[in-house]
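What follows is each chain in one-letter form.
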Amino acid sequence: MSGVRLRTALLLVACCIVTYAKIPGEDPKLPIVDGRQINTPPSLTNQSTQDVVIRERVQFELVCEGTAVTDTDLEFFWKKDGVHYDRDARRVFQPDNGGTLTFTQAFTEDAGEYQCFVKSGSRGIAVSQVVSVKYGHVGDFPPPMVKEHTVRNGESFHLKCDEIPESIPESQLMWTYRPTVVKQNEDSMMWSIISQPAGGGETDELPEAVTEDDRIAYDGNGDIYFAYVTAEDMAGGDGYGCTLYNKMLSTLKIGSQHKIRVNNAGGSISERRPTIQYIPKGVQGLLGDKTTLTCIFSSYPTSEVVWSKIGDDLPVGRWSYKRKTHGRMLELRDLRMEDKGWYQCEADNRVFPPTQERVYLDVKAAPYWIQEPANIISAVGETAQLVCEAGGDPKPKYEFYMNGEALGNKVGDFDRRYRISGADQNILLLPNVEKDLDTAVYQCNASNEFGYIWTNAYVNVLAEPPVWLTKPLPKYNLVNTVDGELHCETFAAPKAKVKWFKNKDELPENDKYEILENGNLKIVNVAFRDKGTYLCVARNTFGSENASTEVLVRSKTVFTKTPESTQADVTESVSFSCEADADDEAILEIDWLKDGEQIDFDLSDRVNADASHTSLTISEVLFADRGEYTCKATAYITLANGKAGLLDEISAVARLAVQGPPDPPVDVSLKDCGVKTAVIAWMAGAENDSPILRFHIQYQADFKPGEWQDVASTGDADTTEYRVNVPPWGNYTFRVIAENDKGKSQPSDETENCQTPAAAPNTNPRNVKGNGTEPNNLVINWTPMERAEHNGPGFFYQVKYRKHDPDNPDGEWVVVNITDPNNSSITIEPTETYEPYDIEVTAFNDLGPATIPPVQMVGYSGEDKPVVVPMNFNVTEVLGPKTAEFEWEPVADGVENIKGAFVGYKIKTWTVAEGRDGLRTTLVKPDQTRARVENLKPYSDIVAVIVVWNGVYEGDESDPQSLFPTPEGPPGPVDRFEAYPLGPQKIVLHWQLPLEPNGNLLGYEVVHQTVNGTRIGPEVAIGDIDDPMQRKATLTSLEPDTKYRVTIRAKTGAGLGDPNYVETKTALEGVPAVPIVILADKNDTSVVIAWEQPDEGIPGSFFYVRYRKAGDDKWQDSEPDYINDQIVLSPLEPGTKYEVKVVAGNGDTDDLKAESAPQEVVTDGDDSVATAGWFIGMMIAIAILILILIIVCLIKRNRGGKYPVQEKEAALGKDPEKGDDEGGFPEYNQPLTQEPTDPLKGSHPSLNSDVKPMGSETDSMAEYGDGEGGKFNEDGSFIGQYGGDNKKRAPEQQEQPSALSTFV
């Protein structure tokens, strides 16, 4: 039986014998006694709480709904302005069983204050709060006037709104004007209704709203401010008007008109520091509401405003800059009392030092509930208490009502029986209550100057004998050492007094036994001695109830093993273990829960438990698997009815942390979009069990769609709001990326669009240079500016240049405008050779030049070839294989000689053997006449010359050239040095000659060292190799499964050269595992045999293939392979069956080799007669016989004639008497120099493309043995030469070194 079914069975056993009705949405619950329902006073379940604004003939309704447990119908009625409301049934409807009023057509007389009353017979009246119904209208401005204002171009200005008329509901306040030509501005607001001037007369002209920008601002009170005035502010028509727009009423009203005249329109504007235009003396906000702080500054250029709180941070997540105000308006949401204090606004126009101003925010609070009075069920004679506690600033005052009438106005006995108490007079006491007199609905009103709150609570006075709510069960199984509870809950009025007995003895209330408020008995720290018979008795003045129960005590369930918290990366596997012991008569069941929900093991193959559920395993964990895993051990006991009941239940929790990159940030929003900055806000996503370290903010510009650029990174994870810089004149969207130790999150959703206005460029082109490409030109270059740096339309570069004249620094400029933003150069010609020029490049757009001046630099026109040559250039001393000193006479300086800047001299050297292909160059400073060259080639005949260098051109070479030899030097490192393990104790070495022998090679020195982690063992020298042509060697007597570093140095008469080393590891000791053979490919004359090493066993150090024709006795062996995993057998015979097997080796002897079972392979093609050996031999024999027959026939034909052989021979210059010294046929008596073809050549390259085949077809495994042909075998660590070819070969042709340049 599962845990779920067992618990269901237990509930069926323990169900109560009393049913009770619940008042919807109300407490407490009342039982049904003897089939009789207990009535209650009425309660409101729904009511209108907001004031209502109505329009003529538009439908509206006032909601009022209530409920009560009653045997009579509820009565609903209304009061308007404190007087009973008689509705007009023709247009105001009210349902028979409800109180909601529906007005089908609103009229002006419907305005007033309404209150709903719900009555339930004599048990009381519930009263709604007052709802104000107001008729919508917009008042008129004072009589209109036309006012003219004259302002100087660039000055600040302020227009004040006239007396603002009343508006219900509140209207939008703005300034409008009727332009002579309507602007096509997407931000402007065009009206679709008929506007009304202040006098009320209608006009067919539609005004245009003045929108806020970085220059124009509203203060929130109706006034408008200009940071500076320009010609475009001279509105035509009627000028500017303060305007009210009521969207609900579709009404627009305009006050007096203001016309602005601008003197010196279009003239230049002087820069001005930020100056305050408007700041409130103080701002007051209400708790929970939002408020706005405003600072308006005048300046030129305009300012960006940033807010801060003095002594504290701005409230996280609850502030933003109002759109399009450029920081002037700070909006604070969900105000709290701690938000009160001084706030500072700082204006910065990036020209003058910032200006700061302060404003104080005071936070008040309308009344709000701390504790609402609750409905009370009281017995006759008890004291009822209604507590009404509210907060607010200032502190609220309280008033109590009974059935809608103020208690202060009650007359008769009642006003002598109730008391109002409490420090704030907020507690209503009703002593010695009576059923008919005190049963009622009471109202509490808490109010201060900012509003009021109103609520209802009833007192229901009853007289009832005890009746069971929860009767004791027949039997309880309590758990040792755990607190137990026996039920005895009754309903009674007045409340019943409960007593408990054990084995007929009354139980005292002490530390062991406690009778709870509801009558239940709590037994503290149950022990086995607490078993027995218990009796519960409940009694009041109207009757009593009693019931007994049997108590048994069971052993407590305990854990013997609990799961432990752990963490894992994604795709890892984790396990939790859990074991427990329970009472001997209990049934123990273990369940697993994740985050409080039982795990269904049928839903996932990755989450499994063993048969006893003592182990939980999660394979390939995902982020979704993280959380709390609970092992729940539940003990069940068999009840008297044969069903299982819950005994006890224990739980142990372990947390699984699955680490990975964080989730993307959420709730990303654009809080402010200014001229050059934007404020981005966000909330962090899930950390995925690795703390977030920082956030990265990116933006995407409309001119580079799809390209996201990093704009900022936060220094910590606590920052969730950031101001970033954005270029002017663009549309930008933003996103945020989170980062932790495990990586970066996916990008967040994008913000809404931020459009920045145009501005003058704030930078100029970078990398401005002036250089000539020809002797008669000047090329001015710069790096083109990105579109983001243009800052506005009409972008171009202004290039200015002039001849550089220190005596005339104010010389006239030549100006060229480059209108292509992608252009990066301009060529000026003709010019004189290497002439200096002053150069400036400035960025412009329609708003003017860049805000910073351009950098003036000096460039030079083009150079030409120097006309001077150094004289008397000689080598003074050869200092070494690569070093020699030279000297020469200086040349005449000056542009006329150098044809450019005198950069210095170049000494060029090369060898006679290499020629100029091996040219090496050394640069020498211009003030030197002696220099040391250190890049010569050793052991060579050196040619050297010197030239003058001006950075572009070289002069003619010195004459005559200097010729001298260099001595022998140490060689460079050997080329292509490789090492391969040959079993557990040997390493095979292979190398090529040094690319730079630097003399006559004499041989090599080889040493080896053990490598253990980062520790290198001592060098072990194995002797010198005296044969400079040797390419191979073998190290022996090494340790198995050990990493070695092997170092080799070539040597000449000048000593040892540069080292080259490799590292490799010897094989494991023992017979290698049998390789797995794979036929990779085949054709007519070859097959490709591949192999794999098994997963288990010792790997082989080298492999080779044994093969033979099917039926042959003798096997042939391929060359061993140390690197590849396949060998090509070729040439083979077409259409022929071969047997092959792969041999893995870890040493020379057969006991360290393992070979696979033979496999058969047949080459492609046919084994036809035309290709058979016997057939070819027979055809050759027949051809020879035919040739002999022809010769015999010819001899017989000529035997009878006389042929002057001696004369013929003498005519050819031969001595017929002497004959041929060599004998035979001279055409065929030369030795055959063609070596036989290697039958086993590998077609696949090595893993290292530089490795060449080792040895010839005559090489065999015996060459790696301990034969006596080897040298330097005294210490047993170096045995012989690898390979048996002792012929001397000429050194390989060396690669030519590339040209080198150094500067002395």
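Keep in mind it's a predicted model, so treat the numbers as computed, not measured.

**Details of the overall build of the protein chain**
Counting its secondary structure elements, the protein chain contains six helices and 104 strands. Within the protein chain, buried positions represent 46% of all 1304 residues. For the protein chain, restricting intrachain contacts to residue pairs at least 6 apart in sequence, the fraction spanning at least 24 positions comes to 67%. Summed over all atoms, the accessible surface of the protein chain reaches about 67800 Å², with 48% contributed by carbon and sulfur.

**Quick look at the sheet that holds strand 40 (residues 427-430)**
A sheet is described by the order of its strands in space; here three strands give the open sequence 35-40-39, paired in antiparallel fashion. Two strands in the sheet have a free side with no partner beyond their single neighbour: strand 35 (384-387) and strand 39 (419-421). With direction set aside, neighbouring strand axes in the sheet form an average angle of 20 degrees. Strand direction decides the pairing type here: strand 39 and strand 40, joined by three bridges, are antiparallel. Note that in strand 40 the partner of Arg-419 across the bridge is Leu-429.

**Description of the nonpolar core**
Judged by nonpolar contacts, the single largest core of 24 residues is most densely connected at Leu-159, Trp-175, Val-210, Ile-224, Phe-226 and Ile-260. Among the secondary structure elements, those contributing two or more residues to this core are strand 17 (157-159), strand 19 (172-177), strand 21 (216-218), strand 22 (224-226), strand 23 (240-246) and strand 24 (251-263). By residue number, the principal contributor to this core is strand 23, which donates four residues. Those residues in contact with Leu-159, other than ones at most four positions away along the chain, are His-149, Trp-175, Asp-223, Ile-224, Phe-226, Tyr-240, His-258 and Ile-260.

**Points about a nonpolar patch on the surface**
Residues Ile-1176, Ile-1180, Ile-1184, Leu-1185, Ile-1188 and Val-1192 make up a contiguous nonpolar surface patch of about 530 Å² in total accessible area. One can find Val-1192 in helix 5 (residues 1173-1198). Judged by relative accessible area, which is 36%, Val-1192 ranks as partly exposed.

**So, unusual backbone geometry**
Cis geometry marks the peptide bond from Ala-493 to Pro-494, where omega comes out at 0 degrees. Put simply, Glu-829 and Pro-830 share a cis peptide bond, and its omega is 0 degrees. Along the chain, the position of Pro-830 falls in the loop between strand 75 (825-828) and strand 76 (836-845). Even without glycine at this site, Thr-571 takes up a positive phi of about 80 degrees. Backbone geometry at Asn-791 places phi at a positive 65 degrees, although glycine is not the residue there.

**With respect to the pattern of salt bridges**
On inspection of all chains with the given rule, the structure shows 56 salt bridges. A salt bridge links Arg-1108 to Glu-1139; the shortest N-O distance between them is 2.9 Å. One end of the pair, Arg-1108, is in strand 97 (residues 1102-1109); the other, Glu-1139, is in strand 100 (residues 1137-1145), with 31 residues separating them in the sequence. Each member of the pair, Arg-1108 as well as Glu-1139, is classed as buried. In this structure, a network of salt bridges that share partners links the residues Asp-88, Arg-90, Arg-91 and Asp-110.

**As for the pairing of strand 55 (residues 574-577)**
In strand 55, alternate side chains face the same way, and those of Val-574 and Phe-576 are buried while those of Ser-575 and Ser-577 on the opposite face are not. Bridge analysis of strand 55 against strand 60 (residues 615-618) gives four bridges, and the strand direction is antiparallel. Opposite Ser-575, over in strand 60, you have Thr-617 as the bridge partner.

**Quick look at the environment of Ser-171**
Along the polypeptide, Ser-171 turns up in the loop between strand 18 (167-168) and strand 19. When the C-alpha positions of Ser-171 and Thr-243 are compared, they lie 9.4 Å apart, and in sequence the two are 72 residues distant. Sequence-distant contacts of Ser-171, defined by excluding residues within four places in its chain, comprise Val-138, Leu-244, Tyr-245 and Asn-246. Only 3.1 Å separates the side chain of Ser-171 from the side chain of Asn-246, close enough to count as a polar contact.

**Some thoughts on the side chain of His-790**
Here His-790 is to be found in the loop between strand 72 (778-783) and strand 73 (796-803). Owing to a relative accessible area of 8%, His-790 belongs among the buried residues under this scheme. At 3.3 Å, the side chain of His-790 and the backbone oxygen of Met-785 are in polar contact. Excluding residues that lie within four positions of it along the chain, His-790 makes contacts with Trp-729, Ala-759, Pro-761, Met-785, Phe-795, Pro-821 and Asn-845.

**Some words on the sheet that holds strand 10 (residues 92-93)**
Reading across from one edge, 6-11-10 is the order of the three strands in this open sheet, with antiparallel pairing throughout. Whereas interior strands pair on both sides, the edge strands pair on one side only; in this sheet they are strand 6 (60-62) and strand 10. By the bridge criterion, three bridges tie strand 6 to strand 11 (residues 101-103) in an arrangement that is antiparallel. Considered in strand 11, the bridge of Glu-61 is made with Thr-102.

**Here we look at the confidence of the model for the protein chain**
Per-residue confidence for the protein chain gives a mean pLDDT of 84, with 85% of residues at or over 70. Confidence drops under pLDDT 50 across residues 180-204; counting only partners more than four residues distant or on other chains, this segment forms 61 contacts. Note that pLDDT drops below 50 for residues 1201-1304; the model gives that stretch 153 contacts with residues more than four away or on any other chain.

**A closer look at the packing of aromatic side chains**
Inspection of the entire model under this criterion finds 32 aromatic pairs. When the ring of Trp-319 is compared with that of Tyr-321, the centres are 5.2 Å apart and the planes differ by 80 degrees; the resulting orientation is edge-to-face. Comparing Trp-319 with Tyr-321 shows no difference in burial state: the two are buried. Connected via pairs of aromatic rings, a cluster forms that spans Phe-873, Phe-886, Trp-888, Phe-902, Tyr-905 and Phe-964. When the ring centre of Trp-319 is taken as reference, the NZ or CZ atom of Lys-671 above it lies at 4.3 Å.

**A few points about the state of the cysteines**
Under the definition given, this model contains seven disulfides. Disulfide partner of Cys-161: Cys-242, at an S-S distance of 1.8 Å. With the S-S dihedral at roughly -85 degrees, the linkage between Cys-161 and Cys-242 falls on the left-handed side. Taken together, the positions of Cys-161 in the loop between strand 17 and strand 18 and Cys-242 in strand 23 put the pair 81 residues apart, joining distant regions of the chain. A disulfide bridge connects Cys-673 with Cys-754, and the sulfur atoms are separated by 1.9 Å. Across the S-S bond of Cys-673 and Cys-754 the torsion is about 80 degrees, and the bridge reads as right-handed. With a gap of 81 residues between them, Cys-673 in strand 63 (residues 666-673) and Cys-754 in strand 70 (residues 754-756) connect regions that are remote in the sequence. Taken individually, Cys-673 and Cys-754 each receive the classification buried, so the pair is uniform in this respect.

**Some remarks on the pairing of strand 80 (residues 884-889)**
Relative to strand 80, strand 79 (residues 871-878) is paired through five bridges, and the arrangement is antiparallel. Its bridge partner being in strand 80, Met-871 is matched across the sheet by Glu-889. Two successive antiparallel strands, strand 79 and strand 80, enclose a turn made up of five residues.

**Some words on the side chain of Asp-339**
Examined against the element boundaries, Asp-339 turns out to sit in the loop between strand 31 (329-332) and strand 32 (341-348). Owing to a relative accessible area of 3%, Asp-339 belongs among the buried residues under this scheme. At 2.9 Å, the side chain of Asp-339 forms a polar contact with the backbone nitrogen of Arg-336. Excluding residues that lie within four positions of it along the chain, Asp-339 makes contacts with Lys-309, Pro-315, Arg-318, Asp-334, Leu-361 and Val-363.

**Thoughts on a negative patch on the surface**
Judged by side-chain charge, Glu-1092, Asp-1095, Glu-1096 and Asp-1125 come together as a negatively charged surface patch. Here Asp-1125 is to be found in the loop between strand 98 (1116-1117) and strand 99 (1126-1129). In this structure Asp-1125 comes out as partly exposed when scored by relative accessible area, which is 47%.

About the thresholds
- Residue positions are given per chain, counting from 1 as you read along its sequence in written order.
- Totals for whole chains, interfaces and linings use every residue, but because this is a predicted model, local features are given only for residues with pLDDT of at least 70 and side-chain atom pairs only at 80 or more, for both listing and counting.
- With hydrogens and water excluded, all non-hydrogen atoms of the structure serve as input to the side-chain values.
- Only DSSP runs of H or I with at least four residues qualify as helices, and only runs of E with at least two residues qualify as strands; both kinds are numbered from the N terminus onward.
- We call a residue buried when its accessible area falls under 20% of the maximum for its residue type, exposed when it is over 50%, and partly exposed in between, using a 1.4 Å probe and counting protein chains only.
- Only heavy atoms matter for contacts: two residues are in contact if any of them lie within 4.5 Å across the pair.
- Working definition of accessibility: Shrake-Rupley area with a 1.4 Å probe, residue cover restricted to the visible protein chains.
- Paired strands are those between which DSSP finds at least two bridges.
- Axis lines are fitted to C-alpha atoms, over the contacting stretch for helices. Their N-to-C directions set the angle, which ranges from 0 to 180 degrees.
- Within this scheme, the nonpolar core is defined by two criteria: the residues are buried Ala, Val, Leu, Ile, Met, Phe, Trp, Tyr or Cys, and they are joined through side-chain atoms within 4.5 Å.
- Only residues whose relative accessible area exceeds 30% and that take part in no salt bridge are eligible for patches, with like-charged residues grouped when within 9 Å of each other and nonpolar side chains (Val, Leu, Ile, Met, Phe, Trp, Tyr) grouped when within 5 Å.
- Salt bridge, as applied in this entry: a Lys or Arg side-chain nitrogen positioned within 4 Å of an Asp or Glu carboxyl oxygen.
- For this analysis, a polar contact is any N or O atom pair within 3.5 Å, provided that within protein one partner can donate a hydrogen and the other can accept it, and provided that sequence-adjacent residues contribute only side-chain to side-chain pairs.
- For every residue, the predictor reports its confidence as pLDDT, a number between 0 and 100.
- Any two of the Phe, Tyr and Trp rings considered here, Trp counted by its six-membered ring, make a pair once their centres fall within 6.5 Å; the pair's planes then place it as stacked at under 30 degrees, edge-to-face at over 60, or tilted in between.
- The criterion for a charge sitting over a ring is simple: Lys NZ or Arg CZ within 6 Å of the ring centre, and within 35 degrees of the ring normal.
- Disulfides are defined in this document as cysteine sulfur pairs within 2.5 Å.
- His is not counted, nor are the chain ends, whereas Lys and Arg count as positive and Asp and Glu as negative.
- Lysine's charge is taken at NZ, arginine's at CZ, aspartate's at CG and glutamate's at CD.

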